[in-house]
Amino acid sequence: DVKVTQSSRYLVKRTGEKVFLECVQDMDHENMFWYRQDPGLGLRLIYFSYDVKMKEKGDIPEGYSVSREKKERFSLILESASTNQTSMYLCASGGRDFGSSYNSPLHFGNGTRLTVT
Amino acid sequence: AQTVTQSQPEMSVQEAETVTLSCTYDTSENNYYLFWYKQPPSRQMILVIRQEAYKQQNATENRFSVNFQKAAKSFSLKISDSQLGDTAMYFCAFMKHWGGGADGLTFGKGTHLIIQP
């Protein structure tokens, strides 16, 4: 069974702190994603990566950066946390062509609920 | 850019009834994938069903089926014989046909489905 593990389920940080959210997948997937989930807004893509050391901006990258030094790990970094970054963060991973019904789909972690005070 | 619209923020039905969740999308792409994901209170995102746009036949998975109308850009989810365990947020999602790099999924804002005993 595919596992996408997010290091923290709940996190409380102070404004201005540097925050690292870690995500690890165990299926050798090429593609990894970070989403932010807010009530009434659904899930919005922050960043994604389709290979080691590769990264692409999603729809809302401002205030975030990412790191992918190893294939299995994709980190989301809040350089200087702000209260408007209080949210649920979901990591996901998928192999090549994960949209096709012939392949394993996109898999999600259980989310990290981050509160910035 | 693609957009996904779920016009029903919340729905409530009695156990054993059939319920249909609506989803429309906007895209200029011809090849793409569509998904329905379920998110119960545990926060785990679970793939319910997926559809490749090039396939005319509607996808089905046990009690779950879709009505895919490509010309109308509509992708509704039908749940038959609804069960208490179907209570969850349901997200409709779109993805361009993957061709060398993945862009991730574009999600709707979600429909909160409540199954009443």
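Predicted model only: the values in this text are computed from it and were never measured.

Trainee: Is there a simple way to think about the state of the cysteines in this case?
Mentor: A covalent bond between the sulfur atoms of two cysteines is what we call a disulfide. In the structure shown here, the tally under the stated rule is two disulfides over all chains. Paired by a disulfide, cysteine 23 of chain A and cysteine 91 of chain A hold their sulfur atoms 1.9 Å apart. The chirality of the disulfide connecting cysteine 23 of chain A with cysteine 91 of chain A is left-handed, given an S-S dihedral of about -75 degrees. In this pair, cysteine 23 of chain A is assigned in strand S4 (residues 23-25) and cysteine 91 of chain A in strand S10 (residues 87-94), connecting sequence segments 68 residues apart. By relative accessible area, which is 0% here, cysteine 91 of chain A ends up buried. A disulfide bridge connects cysteine 23 of chain B with cysteine 92 of chain B, and the sulfur atoms are separated by 2.0 Å. The sign of the S-S torsion, about -70 degrees, decides the handedness of the disulfide formed by cysteine 23 of chain B and cysteine 92 of chain B: left-handed. Residue cysteine 23 of chain B is located in the loop between strand S3 (19-21) and strand S4 (24-26), and its partner cysteine 92 of chain B is located in strand S10 (residues 88-96); the two are separated by 69 residues in the primary sequence. Look at cysteine 23 of chain B and you get buried, because its relative accessible area is 1%.

Trainee: Would you mind going over the interface of chain B and chain A with me for this structure?
Mentor: Accessible area lost on assembly of the parts is the figure often given for the size of an interface. In this assembly, 23 residues from chain B lie in contact with 32 residues from chain A. Counting the surface lost from both chain B and chain A, the interface buries some 2300 Å², and carbon and sulfur atoms represent 51% of this. In this structure, the connection of chain B to chain A is made through zero salt bridges. Here chain B and chain A share eight residue pairs in polar contact (both at pLDDT 80 or more) between them.

Trainee: Please clarify how the environment of threonine 18 of chain B should be interpreted in this entry.
Mentor: Residue and element names in this part refer to chain B. Mapping threonine 18 onto the fold places it in the loop between strand S2 (10-14) and S3. Assessed through its relative accessible area of 46%, threonine 18 is described here as partly exposed. Taking the C-alpha atoms as reference points, threonine 18 and glutamine 44, separated by 26 residues in sequence, lie 24 Å from one another. If near-sequence neighbours (up to four positions away) are discounted, threonine 18 is found in contact with Lys78, Ile79, Ser80 and Asp81.

Reading guide: rules and limits
Residues numbered from 1 in each chain as written. Chains lettered and ligands numbered in written order. Predicted model: local features only at pLDDT ≥ 70, side-chain atom pairs only at ≥ 80, totals over all residues. Heavy atoms only, no water. Disulfide = S-S within 2.5 Å. Helix = DSSP H or I, 4+ residues; strand = E, 2+ residues; numbered from the N terminus. Buried < 20%, exposed > 50% of the residue type's maximum accessible area, 1.4 Å probe, protein only. Contact = heavy atoms within 4.5 Å. Buried area = accessible area lost by both parts, 1.4 Å probe. Salt bridge = Lys/Arg side-chain N within 4 Å of Asp/Glu carboxyl O. Polar contact = N/O pair within 3.5 Å; in protein donor to acceptor, adjacent residues only side chain to side chain.

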